[in-house]
Structure formats: C-alpha cells, structure tokens
Amino acid sequence: MVQKEIIYHTMGLWRVIILSVCTGFGWLLGSGAAQPGSGAIPNTINPIALGQKWASKVPLASVSIDLTEIKSEKSTFEFRTFDPEGLVFYGDTQKGTNWFILGLREGIPEMQFTRGDSVSYNWGGPKLNDGKWHKLEVESEGRFVKLWVDGSQALVGGLDSVTTVHQNYLEGPLRLSLGAMLMEEEKLFHPLVLAMDGCITKGNWLKTTKLWQKEPDLDPKFCMDDIKSGSYFSGQGLVVFNTSDTHSLPVLSLPAHLTSKGDIIVEIEGELSIKGLTGSLVNIQTHDRETVVTIISKNEELLINLGAEVHTLSLDSHVETLALIFTKDKILVECGLKNVHLDLREPQDWQSQWKNGLIITFGGVPDVSYRQGSDYLLGCLRRIKVQDQEVDLDRALYKDSSISSHSCPYLNAQ
Ligand SMILES: *[C@@H]1O[C@H](CO)[C@@H](O)[C@H](O)[C@H]1NC(C)=O
C-alpha cells in the first residue's frame with residue numbers, strides 16, 4: 001500500500017501539527033441519504049453516472065446541510081470505474097472557503113483539502129479503476145481525514161496550524177456535490193482532469209436525511225449494468241482533439257522503434273469486424289479544416305476517403321487494429337493484413353502541421369463547428385492510440401456527453 005502525505009504551506013507560518021482542540025473535516029464529508037420524495041435522489045437504489053455532462057460546471061446533484069444536522073463524520077458509498085483520473089465528490093463550508101475533494105489519479109485515490117490558507121494533498125492506496133464496485137468510506141477524525149477502501153484503510157491526510165488563533169471552520173452550511181465542483185478549478189493544489197466516467201451508489205452521507213437537489217435531466221440509464229473497458233460511442237456525437245494542445249494529446253515524438261514507420265501514427269483497437277459497429281471511426285483535418293482522411297465503418301466494410309480517392313476494404317473477421325500512418329510521401333491505412341495508401345503530390349511536413357493544429361475526430365465527421373457533424377459512430381472502441389500512447393477522451397477539446405470515455409456495455413455477462 002502506497003501512502004503519501006504532502007502538506008503544502010501557502011504561508012510560511014502554517015505548520016503541520018497540532019491544536020488539540022480541533023474541528024476536524026467532518027463538514028466536508030456528508031451528504032443527503034436517500035429519501036423518497038420530490039427532488040430527492042434515490043441514492044440507495046439507482047447508481048448515478050458521474051460522467052454524463054461533458055465539461056459542465058454545474059453539479060449533477062448537490063446538497064446543503066446545516067451543521068447541526070450532521071450526525072456522523074463518516075460517509076460511505078460504492079464506486080465503480082475504469083477511468084484513471086477524475087473527480088469522485090466535492091465538499092465545502094463557507095461557500096467554498098474551506099473545501100475537500102476526493103478524486104482519482106492514475107487510478108489511485110487522491111484527497112485535496114484546505115484549512116485556512118493551507119492545502120493538504122494526499123495520494124495513495126490501491127488502484128480503483130478496475131471496473132469493479134468498491135466500498136469507499138471517508139471519515140474525519142480531528143485533524144485527519146481517512147479513506148477506507150473495501151474495509152481497509154487506504155489513505156490518511158492531515159492538516160493543521162500551530163500559529164493561528166483557532167478559527168471556527170465549521171460555520172455555515174456544508175455543501176456536497178457530484179459531477180462537478182462548487183469552486184473554481186484553479187484552486188486545486190494539483191490540477192486534475194475532473195471528468196469521471198464512473199458510477200456512485202448506496203451513498204450514506206454523514207447519516208443526514210437531507211435530500212439532494214438533482215439536475216432535472218439527470219439520466220439514471222447512463223450507468224450501465226455491466227461494463228468492460230473501452231470507449232462507447234452511442235451514435236449521437238463525436239470527440240475532437242486539436243494536436244496543438246499538448247495537454248490533451250501526447251507530444252509528437254514517436255518512440256524510437258516506430259520512427260522508421262512514419263511521422264504520425266493513429267491507431268484504433270476494437271472488434272472492428274463485428275456487425276453493429278457503424279459510423280465514422282476517424283476523421284483528420286488540417287488546420288484549415290480540409291479533410292485529409294475519413295474512415296467509416298459500414299456493413300463489415302471500411303469506406304476509406306483518402307484525399308480525393310475512395311476505397312472499400314472488406315473486413316476479415318477478428319481484425320482488431322486499424323492504423324493510419326502519415327509519412328512525408330504518403331498516407332497509409334492498415335487494417336489487419338490489408339492496406340491502402342495515398343501517394344502525396346507534394347512532400348508534407350507533418351511535424352509542423354501537427355504543431356499548427358491538426359483536427360483529429362473520433363466517432364464522427366465534424367462540421368465547420370467541431371460540436372456538430374455527421375456519420376456518428378455506434379459501438380465500442382477498446383483503445384485509441386496516437387503516437388503510440390493511449391488517448392484519454394476526457395482530455396479532448398470537445399466530447400459529446402453521450403460518449404462514455406472509459407466504459408462500454410458488457411453484453412455477454414453471465
Ligand atoms: C487548434 O489549435 C490552433 C493553435 O492553438 C488554433 O489556431 C486552432 O484554431 C485550433 N482549432 C480548433 C478547431 O479549435
């Protein structure tokens with residue numbers, strides 16, 4: 001078990017230890033238990049999918065609890081994801097002056113919380129992004145916040161001040177939220193890609209009976225019964241990357257063993273030959289929005305638009321990889337043992353095109369506005385790689401909310 005505590009001092013005066021009379025972080029950890037009635041989330045029954053509103057700053061659900069109503073400093077819930085990074089839940093008092101988040105980074109739990117001007121950052125414990133349900137418990141104990149995973153203690157964080165006059169951090173209502181934070185992202189100690197393709201259920205938040213306010217169009221169906229790892233495209237939207245954005249796509253350089261193959265390599269893995277996978281797999285446009293290549297899956301065939309040429313490739317069964325390889329002189333499309341290519345009329349400098357901003361779209365062909373398009377993909381892609389590195393759809397320039405970035409329905413579950 002990895003355990004790591006980092007205490008961050010925004011003011012030199014703050015120290016890690018000890019005021020014996022201490023308010024604790026209990027205020028952070030609560031939330032409304034499930035109660036039938038209008039406006040309430042049947043939290044004990046229906047799982048809530050956290051990733052159903054792309055880039056929304058408005059929580060899917062939130063609750064504000066009077067501190068006198070809090071009966072326990074412990075919150076428990078079950079959580080399931082394949083997503084390595086994102087927000088699990090947020091809590092605060094005094095309208096965000098003191099805040100807490102539980103998140104995941106590289107699949108490992110992370111807590112960030114404040115006390116006055118100081119921020120505590122804590123990362124450690126078991127990897128949770130294995131697609132199985134895990135029971136999480138978060139408890140405040142004096143100057144510490146503790147996280148249990150499946151009954152074992154996984155992470156402990158602490159923070160206090162020795163120099164400052166004791167302040168009452170427990171003023172005002174305690175707020176909790178799911179799906180988005182109630183403060184600006186910039187306040188985080190360690191920035192996090194907040195989007196989380198995960199589900200929460202069976203919540204018992206500080207044993208209060210306060211009802212949660214939910215978004216009117218919260219979709220309970222979004223949380224699938226059985227899942228497998230992959231990206232699920234529901235036939236309603238697309239996801240767009242701009243290669244000049246280094247935060248969302250890996251750096252251009254390919255690993256040494258691939259540089260002889262090409263300058264840019266885009267790969268899609270999945271059951272490409274199965275019936276039912278229909279729509280545009282990938283579309284690549286130049287900075288000037290001119291399409292270089294589009295590959296559409298239809299009736300177990302690939303329609304490949306390369307420059308002005310159109311090719312059809314029938315898919316052999318069990319073909320699992322589609323690769324687009326860009327070299328100075330040609331663009332090559334490889335699928336299983338078959339391939340087609342386009343000889344370029346003039347040599348291309350893909351490195352500078354990449355830096356200028358190539359638009360790579362999965363699951364559709366974007367219109368002038370990248371938020372719209374056509375030929376939306378229906379089906380599951382196991383993995384998307386650009387320059388030999390797995391792409392995280394949560395980091396895209398734009399992703400339609402209907403796309404599950406890290407989970408696909410698992411239909412054959414017995
Ligand atoms: C992609 O990024 C480049 C460079 O920042 C910018 O000029 C271009 O407009 C971006 N394209 C889109 C579609 O956002």
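J.: What is the right way to read the overall build of the protein chain from this model?
T.: Check the secondary structure of the protein chain and you find one helix and 33 strands. Contacts in the protein chain between residues at least 24 apart in sequence constitute 73% of all its contacts with a sequence separation of at least 6. Approximately 18400 Å² of the protein chain is accessible, and the part contributed by carbon and sulfur atoms is 50%.

J.: How do you make sense of the sheet that holds strand 30 (residues 383-386) when you look at a structure like this?
T.: Pairing between sheet strands relies on hydrogen bonds along the backbone, with the strands arranged either parallel or antiparallel. Ordered by their spatial adjacency, six strands build an open sheet running 25-24-23-18-30-31, and the pairing between neighbours is antiparallel. Both edges of this open sheet fall to strand 25 (338-343) and strand 31 (389-390), since each of them pairs with a single strand only. Taken together, the six bridges between strand 18 (residues 264-269) and strand 23 (residues 321-326) define a ladder with antiparallel strand orientation. Bridge pairing links Ile265 to Ile325 in strand 23.

J.: Where do I start with the pairing of strand 22 (residues 309-314) in this structure?
T.: Within a regular beta strand, the side chains point alternately toward one face of the sheet and then the other, so they alternate between its two faces. Note that strand 21 (residues 301-306) and strand 22 share six bridges and pair antiparallel. Each bridged residue has a counterpart across the sheet, and for Leu303 the counterpart in strand 22 is Thr312.

J.: Just to check I follow, could you spell out the side chain of Ser75 for this structure?
T.: In this structure, Ser75 sits in strand 4 (residues 74-81). Classification of Ser75 by relative accessible area gives buried; the value is 0%. At 3.3 Å, the side chain of Ser75 forms a polar contact with the backbone nitrogen of Leu206.

J.: I would appreciate a short explanation of the site of the ligand in the present structure.
T.: With respect to spatial proximity, the complete set of residues near the ligand consists of Asn242, Ser244, His287, Arg289, Asn356, Ile359, Tyr370 and Leu397. Measuring from an oxygen atom of the ligand, one finds a side-chain N or O atom of Asn242 at 2.3 Å. A distance of 2.8 Å is found between an oxygen atom of the ligand and a side-chain nitrogen or oxygen belonging to Ser244. Across the complex, the protein chains shield 54% of the 370 Å² of accessible surface that the ligand would expose by itself. When grouped by side-chain class, the residues that make up the shell around the ligand number three nonpolar, four polar and one charged.

J.: What should I look at first to understand the packing of aromatic side chains in this one?
T.: The geometry of an aromatic ring pair is captured by two quantities: the separation of the ring centres and the angle between the planes. Scanning the entire structure with this criterion turns up ten aromatic pairs. Members of the aromatic cluster, each reached through a chain of ring pairs, are Phe77, Phe89, Phe100, Phe113, Trp205 and Trp212. Positioned over the ring face of Trp148 is Lys74, at 5.0 Å from the centre of the ring.

J.: How do you make sense of helix 1 (residues 350-357) when you look at a structure like this?
T.: Three- or four-residue spacings in an α-helix give side chains the same orientation, since the helix completes a turn every 3.6 residues. Among all positions in helix 1, only Trp350, Gln353, Trp354 and Gly357 are buried. Projected down its long axis, helix 1 shows its buried positions confined to an angular sector of 100°, all on one face. Opposite its buried face, helix 1 presents the exposed residues Lys355 and Asn356, each directed more than 90 degrees away. Where helix 1 begins, one side-chain oxygen reaches toward the backbone nitrogen of Gln351, 3.2 Å away; that side chain belongs to Asp349.

J.: So what exactly am I meant to see when it comes to the environment of Ile296 here?
T.: Looking at the secondary structure, you find Ile296 in strand 20 (residues 291-298). The spacing of Ile296 and Asn283 is 13 residues in sequence and 8.8 Å in space, taken between C-alpha atoms.

J.: I'm lost on the state of the cysteines in this one. Help?
T.: Here is the idea: a disulfide is a covalent bond, and it sits between the sulfur atoms of two cysteines. Applying the stated criterion to the full structure yields two disulfides. Across the disulfide, Cys199 is cross-linked to Cys223 (sulfur-sulfur distance 1.9 Å). With Cys199 in strand 13 (residues 198-205) and Cys223 in the loop between strand 14 (213-214) and strand 15 (227-229), the pair connects residues that are 24 residues apart, well separated along the chain. Here the two residues Cys199 and Cys223 agree in accessibility, since each one is buried.

J.: When you look at the sheet that holds strand 11 (residues 152-158) in this model, what are you seeing that I'm missing?
T.: An order of 2-13-4-9-10-11 is seen for the six strands of this open sheet, with the pairing classed as antiparallel. Each of the sheet's edge strands pairs with one partner strand only, and the pair in question is strand 2 (48-49) and strand 11. Across six bridges, the pairing between strand 10 (residues 144-149) and strand 11 is antiparallel. Paired with Lys146 across the two strands is Val156, which belongs to strand 11.

J.: Just checking my understanding: could you explain unusual backbone geometry for this structure?
T.: What you tend to see is this: most non-glycine residues have negative phi, and most peptide bonds are trans. Of note in the backbone geometry, Lys202 takes a positive phi value of approximately 50° without being a glycine. If you trace the backbone, Lys202 turns up in strand 13. With a phi close to 45°, Asn299 is a non-glycine residue in the positive phi region. Among the secondary structure elements, Asn299 is positioned in the loop between strand 20 and strand 21. Taking the relative accessible area as the measure of exposure, Asn299 reaches 63% and is therefore exposed.

The rules behind these values
- Residues numbered from 1 in each chain as written.
- Predicted model: local features only at pLDDT ≥ 70, side-chain atom pairs only at ≥ 80, totals over all residues.
- Heavy atoms only, no water.
- Helix = DSSP H or I, 4+ residues; strand = E, 2+ residues; numbered from the N terminus.
- Contact = heavy atoms within 4.5 Å.
- Areas by Shrake-Rupley, 256 points an atom, 1.4 Å probe, with all protein chains shown as cover.
- Pairing = 2+ DSSP bridges.
- Buried < 20%, exposed > 50% of the residue type's maximum accessible area, 1.4 Å probe, protein only.
- Polar contact = N/O pair within 3.5 Å; in protein donor to acceptor, adjacent residues only side chain to side chain.
- Near = heavy atom within 4 Å.
- Nonpolar A, V, L, I, M, F, W, Y, C, P; charged D, E, K, R; others polar.
- Phe/Tyr/Trp six-rings, centres within 6.5 Å; stacked < 30°, edge-to-face > 60°.
- Lys NZ or Arg CZ within 6 Å of the ring centre and 35° of its normal.
- Arc of directions from axis to C-beta.
- Disulfide = S-S within 2.5 Å.

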